[in-house]
Amino acid sequence: MRKQLRRADERLRVALVTGACSGIGRALATRLGSLGYELILVSNRAAELAATAQEIGAAHAVVVHTIVSDLARPEAAEELYQVVRDKGLQIDILVSNAGFFFFGEAVDASPERAKAMLQLHVVTPSLLCTCFGRDMRERGRGHILIVSSISAWRDFPGISYYGASKKYLRGFARALRSEMAVYGVKVTCLAPGPTATNLYDTDVVPVKRAQRLGIMMDAGTVAESGLRAMFAGRAEHIPGLLARIMTLFSVLVPQWAIDLLRRRAPWLPKRKGAP
Ligand SMILES: NC(=O)c1ccc[n+]([C@@H]2O[C@H](COP(=O)([O-])OP(=O)(O)OC[C@H]3O[C@@H](n4cnc5c(N)ncnc54)[C@H](OP(=O)(O)O)[C@@H]3O)[C@@H](O)[C@H]2O)c1
């Protein structure tokens, strides 16, 4: 039988989770709340955030703070750090999870969407790690959980912005981990495979069916597995056997097969006159 998930270090009391009002972030926050951590939940929708905080606080009798912030703005990370300081809180566990997804060719991406993705997946998480990580280094303890994706392992057409930004996060997490290990701060990269959340447009991705078929995991299982890896101080973790097999397959598949997939893929535009 698997050991019960429990708090690893009693000195760690406060956890901040970005993108906490739905999907994996909400599941991570709920589980951290159930372990007794005081929470700071961050997201860009005030009503959903307040409802999530109320629910977690009531269910687990923990203090839950909320900060409404659009983390896709250039100044978001430093602003968030200042708001947390002004509240007199210090972060022991930083979970950088907020993200979004769009599918299509890079040349079709609107500049606004592309910039928002790079801010949200690259600039904001890096600067959150810089700001909160500096304080953790000073205290000589803390956990940082960075949510990347299995798409960080191989470059696929149709997700150029998404995949490359998740690859950045994976690389950043690895380097940060080496830097912080000597100070007693543990950094873990969580790389989920397909997970049934609001990330996907259900007109395009049949989320419910994929979950029923076991192709998509549920957010609670991903969160539980991710927190286990974080408390164990693991460098990288892909929850679920199927996701691990998919990742291995994606690394092994030859480039010509990926190029062929791109030419045949019904979900991407065809070149005029192409067979
Ligand atoms: N689902 C998957 O298959 C999968 C696979 C691999 C990796 N991931 C990663 O897992 C993370 C969580 O995604 P999810 O699947 O749980 O999707 P989700 O349910 O859509 O959750 C994403 C969260 O990020 C927040 N967010 C989005 N844009 C934001 C912004 N500009 N400012 C602040 N918060 C923002 C969302 O808040 P609002 O709802 O308020 O916008 C939401 O709480 C993402 O980083 C995603 O890339 C997901």
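Everything below is about the structure shown above.
Overview of the structure.

Rules of the game
- Residues numbered from 1 in each chain as written.
- Predicted model: local features only at pLDDT ≥ 70, side-chain atom pairs only at ≥ 80, totals over all residues.
- Heavy atoms only, no water.
- Helix = DSSP H or I, 4+ residues; strand = E, 2+ residues; numbered from the N terminus.
- Rg over C-alpha atoms; globule rule 2.2 N^0.38 Å.
- Buried < 20%, exposed > 50% of the residue type's maximum accessible area, 1.4 Å probe, protein only.
- Near = heavy atom within 4 Å.
- Polar contact = N/O pair within 3.5 Å; in protein donor to acceptor, adjacent residues only side chain to side chain.
- Areas by Shrake-Rupley, 256 points an atom, 1.4 Å probe, with all protein chains shown as cover.
- Contact = heavy atoms within 4.5 Å.
- Pairing = 2+ DSSP bridges.
- Right-handed = clockwise from strand over helix to strand, strands pointing away.
- Axes fitted to C-alpha atoms, helices over the stretch in contact; angles between N-to-C directions.
- Parallel < 35°, antiparallel > 145°, perpendicular 65-115°, else oblique.
- Left-handed = near helix turned anticlockwise from the far one by under 90°.
- Nonpolar A, V, L, I, M, F, W, Y, C, P; charged D, E, K, R; others polar.
- Expected span 1.5 Å × (residues − 1).
- Arc of directions from axis to C-beta.

## Points about the overall build of the protein chain
- For the protein chain, the count of helices and strands is nine helices and nine strands.
- For the protein chain, the C-alpha radius of gyration of 19 Å lies close to 19 Å, the compact-globule estimate for 275 residues.
- Referenced to the eigenvectors of the C-alpha coordinate spread, the extents of the protein chain come out at roughly 65 × 45 × 40 Å.
- Taking all 275 residues of the protein chain together, 50% fall into the buried category.

## Some remarks on the site of the ligand
- What surrounds the ligand is a group of 30 residues, the closest being N44, R45, Y162, T197 and Y200.
- Within the contact set of the ligand, an oxygen atom lies 2.7 Å away from a side-chain nitrogen or oxygen of N44.
- Y200 has a polar side-chain atom sitting 2.5 Å from an oxygen atom of the ligand.
- For the ligand, whose unbound accessible area comes to 870 Å², protein coverage reaches 92%.
- If you list the elements that add at least two residues to the shell around the ligand, you get α1 (23-34) and α5 (160-181).

## A look at the side chain of S126
- Of note, S126 is situated in helix α4 (residues 111-139).
- According to the relative accessible area criterion, S126 is buried, its value standing at 8%.
- Leaving out residues up to four positions away in the same chain, S126 has contacts with Y168 and F172.

## What about the pairing of strand β1 (residues 14-18)?
- With five of five residues buried, β1 is to be regarded as a mostly interior element.
- Because side chains alternate across β1, one face comprises the buried residues V14, L16 and T18, and the other comprises A15 and V17, equally buried.
- The pairing of β1 with strand β2 (residues 38-43) spans five bridges and is parallel. What sits directly across from L16, in β2, is I40.
- The parallel pair β1 and β2, bridged by α1, forms a crossover whose chirality is right-handed.
- Here β1 pairs with strand β4 (residues 93-96) via three bridges, running parallel. The residue bridging A15 from the neighbouring strand is I93, located in β4.

## A look at the environment of R228
- You can see R228 is positioned in helix α7 (residues 219-231).
- Once the C-alpha coordinates of R228 and Q4 are considered, the two residues, 224 residues apart in sequence, prove to be 9.5 Å apart.
- Excluding its chain neighbours within four sequence positions, the residues that come into contact with R228 are R2, K3, Q4 and L5.

## Section: unusual backbone geometry
- Residues other than glycine seldom take positive phi values, yet A61 does so here, at roughly 50°.
- With respect to the helices and strands, A61 occurs in the loop between α2 (46-60) and β3 (64-68).
- In this structure A61 comes out as exposed when scored by relative accessible area, which is 73%.

## Concerning the side chain of T197
- With respect to the helices and strands, the residue T197 is situated in the loop between β7 (195-196) and α6 (207-212).
- Within the structure, the side chain of T197 is placed 3.1 Å from the backbone nitrogen of L199, a separation counted as a polar contact.
- Once you skip the residues sitting within four places of it in the chain, T197 turns out to touch G23, I24, V207 and A219.

## A few points about the packing of α1 against α7
- Packing of α1 against α7 brings their axes to within 8 Å, and their N-to-C directions diverge by 60°. Classified by the angle between their axes, α1 and α7 sit oblique to one another. You can see that α1 and α7 cross each other, and the crossing is right-handed. Residues G23, I24, A27, L28, R31 and L32 of α1 form the contact with α7, whose participating residues are A219, G220, V222, A223, E224, L227 and F231.
- Classifying every residue of the contact of α1 with α7 by side-chain character gives nine nonpolar, two polar and two charged.

## Things to note about α5
- Here α5 is 22 residues long and its end C-alpha atoms lie 31 Å apart, about the 32 Å a rise of 1.5 Å per residue gives.
- Every buried residue of α5 is listed here: Y162, G163, S165, K166, L169, R170, A173, L176 and M180. Each buried residue of α5 lies within a common arc of 165° when the element is viewed along its axis, so the set occupies one face.
- Buried residues belonging to α5 abut α4, β5 (142-147), β6 (185-190) and β9 (236-237).

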